Amino acid sequence: MNQLLNRMEERMETLDLTDFTGKIDRIRTAMSAVIVGQERMVDLLLTVMLAKGHVLIEGVPGVAKTLMAKMMAKLVDAQFSRIQFTPDLMPSDVLGTSVFNQKTGEFSFHKGPVFADIVLVDEINRAPAKTQSALFEVMEERQATIDGTTYSMSPLYTILATQNPVEQEGTYKLPEAQLDRFLMKIVMQYPSAEEEVRILERHHTNARLASLDGVNPIITNRELLQLCDFVGKVYVDASLLRYIADIVYQTRTSKAVFLGASPRASVALMQSAKAFALLQGRDFITPEDVKLIAPSVLHHRLILTAEAEMEGYTATKIVQRLVEKVEVPK
């Protein structure tokens, strides 16, 4: 491990992150001023945005899933839209529709809410399969083809989707193949007793705390895109590429896993580790970066065996166990 760190520190070229480190810290501070006890989730959300991916935020009602997504969008000076998914939502309600203009005698396309820099999709599992499919196509291709015309999304295009894991009535489960389109799945847990006391204290003194009316952007669209470009320049030692590949390979050989992660997961894990390292003020990744984000990148890409599920295992626990089995590079 020490040898690995020495090789990274001896590199000639390094990235100057001075201008961005302060802004990232300010974003963390602003998030913690509104949302209590979700510091790690904030870093994961920022990681997804820097890696130019999409994120699925899962949690029971009332744990601030939507609030976290809205707050993050407020802190970035970018175009924001929100879509509330419902069982009667049609693809045209998401993508937009062509409207006939009687004055010109031509059809003109009216863009739907999916055309924005940051799109919050609330309760994504409540829309029918055809509407989900329309959204997933845009997520993957970063463009939409409507009536023969292709419309490209912005370079910062990010989907922040939420879903409730406990209420299944009136919902449409996301197919496993479509879940793979999300770079990460972030699971928001209940706060601790101490954190809940802090939540009550804040709302007791400020009843409009969750309104976000006074929240101003901290980082611009251009600055965030520059950070995204820096992700591609983060150094990854050859031994860490092997480390990532070995972790993903373990998911395909484990007896507890029916369907393991694909090579897309390997790329996602590497890109996420690079973005996460950048948030820590480093231009190189460490094995610890990979360990910390592996569960969020991999657990929604696995299908467990019936035996593993009957024994009470979860995909997150399986990923953590598999990561511990892989030897850390030295």
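Residues numbered from 1 in each chain as written. Predicted model: local features only at pLDDT ≥ 70, side-chain atom pairs only at ≥ 80, totals over all residues. Heavy atoms only, no water.

**Q** Could you clarify how one ought to interpret empty space enclosed by the protein in this entry?
**A** Remark: the empty space left among the atoms is shown by a probe the size of a water molecule rolled over them. Within the structure shown, the criterion is met by one cavity of 30 Å³ or more. One number sums up the size of the largest cavity: a volume of about 70 Å³. Lining the largest cavity are Leu17, Phe20, Thr21, Ile24, Leu50, Leu227, Leu278, Leu279 and Gly281. Of all the secondary structure elements, the ones that give two or more residues to the lining of the largest cavity are helix H2 (18-34) and helix H11 (263-279). For the lining of the largest cavity, the element with the highest residue contribution is H2, accounting for three residues. For the lining of the largest cavity, the class distribution of residues is seven nonpolar, two polar and no charged. (1 Å grid on protein atoms, 1.4 Å probe; cavity = no way out; pocket = protein on both sides within 12 Å on 5 of 7 lines; lining within 4 Å. Points joined across faces, edges and corners; volume = space filled by probe spheres on them. Helix = DSSP H or I, 4+ residues; strand = E, 2+ residues; numbered from the N terminus. Nonpolar A, V, L, I, M, F, W, Y, C, P; charged D, E, K, R; others polar.)

**Q** I keep staring at the sheet that holds strand S9 (residues 158-163) and nothing clicks. Help me out?
**A** Hydrogen bonds between backbone atoms are what pair the strands of a sheet, whose relative direction is either parallel or antiparallel. Spatial ordering of the open sheet is given by S3-S6-S9-S1-S10, a layout of five strands whose pairing is parallel. Every other strand in the sheet has two partners, leaving strand S3 (80-84) and strand S10 (184-187) as the edge strands with one partner each. Taken over all neighbouring pairs, the strand axes of this sheet differ in orientation by 20 degrees on average, direction set aside. As paired elements, strand S6 (residues 118-122) and S9 share four bridges and run parallel to each other. Looking across to S9, one finds that Val119 is bridged to Ile159. (Pairing = 2+ DSSP bridges. Axes fitted to C-alpha atoms, helices over the stretch in contact; angles between N-to-C directions.)

**Q** So what exactly am I meant to see when it comes to helix H6 (residues 129-141) here?
**A** Structural remark: α-helix, 3.6 residues per turn; residues separated by three or four positions point the same way. With 13 residues, H6 should cover 18 Å at 1.5 Å per step; its first-to-last C-alpha distance of 18 Å lies within 8% of that length. Buried within H6 are the following residues: Thr131, Gln132, Ala134, Leu135, Phe136, Val138 and Met139. Packing partners of the buried residues in H6 comprise helix H5 (91-95), S6, strand S7 (143-146), S9 and helix H7 (176-179). Looking at the residues trailing H6, positive phi occurs at Arg142, about 55 degrees. (Expected span 1.5 Å × (residues − 1). Buried < 20%, exposed > 50% of the residue type's maximum accessible area, 1.4 Å probe, protein only. Contact = heavy atoms within 4.5 Å.)

**Q** Just to check I follow, could you spell out the layout of surface pockets for this structure?
**A** One number sums up the size of the largest pocket: a volume of about 980 Å³. Elements with a contribution of two residues or more to the lining of the largest pocket: helix H3 (39-50), H7, S10, helix H12 (287-298), strand S13 (303-304) and helix H14 (315-325).

**Q** I keep staring at unusual backbone geometry and nothing clicks. Help me out?
**A** Phi is mostly negative for residues that are not glycine, and the peptide bonds are mostly trans. Positive phi, normally seen in glycine, also occurs at Ala64, with a value near 75 degrees. The residue Ala64 is located in the loop between strand S1 (55-58) and helix H4 (65-75) in this model. For Ala64, a relative accessible area of 23% translates into the label partly exposed. The residue Arg142 is not glycine, and still its phi comes out positive at about 55 degrees. Tracing the backbone shows Arg142 in the loop between H6 and S7. Under the relative-accessibility criterion, Arg142 is labelled partly exposed at 22%.

**Q** Any chance you could explain the packing of aromatic side chains here in plain terms?
**A** What characterises a pair of aromatic rings is the spacing of the ring centres plus the angle enclosed by the ring planes. In the structure shown here, the tally under the stated rule is five aromatic pairs. For the pair Phe109 and Tyr151, a centre-to-centre distance of 4.5 Å together with 25 degrees between the ring planes defines the contact as stacked. Separated by 42 residues along the polypeptide, Phe109 in strand S5 (residues 106-111) and Tyr151 in strand S8 (residues 149-152) bring together distant segments of the chain. With relative accessibility at 18%, the residue Phe109 sits in the buried group. Ring geometry for Phe136 against Phe182: centres 5.9 Å apart, planes inclined by 85 degrees, an arrangement best described as edge-to-face. Of this pair, Phe136 sits in helix H6 while Phe182 is found in the loop between H7 and S10, placing the two residues 46 residues apart along the sequence. Feature note: the residues Phe109, Phe115 and Tyr151 constitute an aromatic cluster, connected by ring pairs. (Phe/Tyr/Trp six-rings, centres within 6.5 Å; stacked < 30°, edge-to-face > 60°.)

**Q** What is the right way to read the environment of Ala51 from this model?
**A** Topologically, Ala51 is positioned in the loop between H3 and S1. Residues Ala51 and Tyr151 lie 100 residues apart in sequence; the distance between their C-alpha atoms is 22 Å.

**Q** Would you mind showing me how to read the packing of helix H10 (residues 238-253) against H12 here?
**A** Each pair of packed helices can be described by the angle between their axes along with the distance between the axes. At a minimum axis distance of 11 Å, the contact between H10 and H12 shows a crossing angle of 30 degrees. Viewed along their axes, H10 and H12 adopt a mutual orientation that is roughly parallel. Both H10 and H12 take part in a crossing whose hand is right-handed. For the pair H10 and H12, contact is made by Leu240, Tyr243, Ile244, Ile247 and Val248 and by Pro287, Val290, Lys291 and Leu298, respectively. Partitioning the contact of H10 with H12 into residue classes produces eight nonpolar, no polar and one charged. (Parallel < 35°, antiparallel > 145°, perpendicular 65-115°, else oblique. Left-handed = near helix turned anticlockwise from the far one by under 90°.)

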